[in-house]
Amino acid sequence: MTTELSGLQVEPFGPLDELYAAVRRCAPQVAMTRARVSEEYGIPKLGTVGVLELRLHVSYRGRQARRIRWDGEADAYVWASGPDYGRQLPADPEQAALRVGRALGAPVSPAPSKG
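The notes below deal with the structure included here. Predicted, not measured: the structure shown is a model, and the values here were computed from it.

## With respect to the overall build of the protein
Alright, step 1. Along the protein, the regular secondary structure elements total two helices and seven strands.
Alright, step 2. Listing each helix as α and each strand as β along the protein from the N terminus yields β-β-α-β-β-β-β-β-α.
Alright, step 3. Looking at the protein as a whole, 34% of its 115 residues are labelled buried.
Alright, step 4. A total of about 7,500 Å² of accessible surface is found on the protein, and carbon and sulfur atoms cover 50% of it.

Written as structure tokens, this is what we have:
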């Protein structure tokens, strides 16, 4: 859902924003961008339909960039490209951030425990 205020389009803070912030904390060397990419879906009787979907693009040094999406039905982050395509990441953004950093080969530092 996008809200428009005086010509600006504003989106509410969502799961990919939480993951972005968590990766920033535990693996700050990882390069990240949030972007909408065209995804094509086959719909019976309608054919192929293109939809813009929000993705988190992550990369580290010379490694190939990968994408992550939020799967609202599974309540989990999912690799949307790369060698782990389709595999789920933990729903907790801090745990998912650690896995993202490790998968990219970046140094990671777990967030301090709350307590």
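Moving on from the coordinates now.
## Focus on the nonpolar core
As a rule of thumb, nonpolar side chains are buried together in soluble globular proteins.
Alright, step 1. The biggest cluster of nonpolar side chains holds 22 residues, and the ones touching the most others in it are Leu19, Val23, Val30, Val58, Ile68 and Val100.
Alright, step 2. Mapped by element, the contributors of at least two residues to this core are helix 1 (15–26), strand 4 (47–59), strand 6 (76–79) and helix 2 (93–104).
Alright, step 3. Residues in contact with Ile68, not counting those within four places in the same chain, are Leu16, Leu19, Arg55, Leu56, Val58, Tyr77, Val78, Trp79, Ala80, Leu89 and Val100.

## Things to note about the pattern of salt bridges
Alright, step 1. Scanning the entire structure with this criterion turns up five salt bridges.
Alright, step 2. The partner of Arg87 in a salt bridge is Asp84, with the nearest N and O atoms 3.1 Å apart.
Alright, step 3. Residue class for Arg87 comes out exposed when judged on its relative accessible area of 53%.

## Some points on the side chain of Asp84
Alright, step 1. With respect to the helices, strands and loops of the structure, Asp84 is situated in the loop between strand 6 and strand 7 (88–89).
Alright, step 2. When neighbours within four sequence positions are excluded, Asp84 is seen to be in contact with Arg66, Trp79 and Ala103.

## Examining the environment of Gly14
Alright, step 1. Note on placement: Gly14 falls in the loop between strand 2 (8–10) and helix 1.
Alright, step 2. The exposure class of Gly14 is buried, given its relative accessible area of 15%.
Alright, step 3. Distance from Gly14 to Trp70, taken between C-alpha atoms, is 9.2 Å for residues 56 residues apart in sequence.

## Notes on the packing of aromatic side chains
Alright, step 1. A full pass over the atoms with the stated rule returns one aromatic pair.
Alright, step 2. Here the aromatic rings of Trp70 and Tyr77 are separated by 4.8 Å at their centres, their planes lie at 70°, and the arrangement is edge-to-face.
Alright, step 3. Taking the relative accessible area as the measure of exposure, Trp70 reaches 27% and is therefore partly exposed.
Alright, step 4. Lying across the ring of Trp79, Arg66 places its NZ or CZ 3.9 Å from the centre.

## Thoughts on the pairing of strand 6
Look at any regular strand and the pattern is simple: side chains alternate between the two faces of the sheet.
Alright, step 1. Where burial is concerned, the two faces of strand 6 agree: the one with Ala76 and Val78 and the one with Tyr77 and Trp79 are both buried.
Alright, step 2. Alignment of strand 5 (residues 66–71) against strand 6, held across four bridges, turns out to be antiparallel. Note that in strand 6 the partner of Trp70 across the bridge is Tyr77.
Alright, step 3. Connecting strand 5 to the antiparallel partner strand 6 that follows it, the hairpin turn spans four residues, and Asp75 within it adopts a positive phi of roughly 50°.
Alright, step 4. Here two bridges tie strand 6 to strand 7, and the two strands are oriented antiparallel to one another.

Reading the values: rules and limits
- Residues numbered from 1 in each chain as written.
- Predicted model: local features only at pLDDT ≥ 70, side-chain atom pairs only at ≥ 80, totals over all residues.
- Heavy atoms only, no water.
- Helix = DSSP H or I, 4+ residues; strand = E, 2+ residues; numbered from the N terminus.
- Buried < 20%, exposed > 50% of the residue type's maximum accessible area, 1.4 Å probe, protein only.
- Areas by Shrake-Rupley, 256 points an atom, 1.4 Å probe, with all protein chains shown as cover.
- Core = buried A, V, L, I, M, F, W, Y, C linked by side-chain atoms within 4.5 Å.
- Contact = heavy atoms within 4.5 Å.
- Salt bridge = Lys/Arg side-chain N within 4 Å of Asp/Glu carboxyl O.
- Phe/Tyr/Trp six-rings, centres within 6.5 Å; stacked < 30°, edge-to-face > 60°.
- Lys NZ or Arg CZ within 6 Å of the ring centre and 35° of its normal.
- Pairing = 2+ DSSP bridges.

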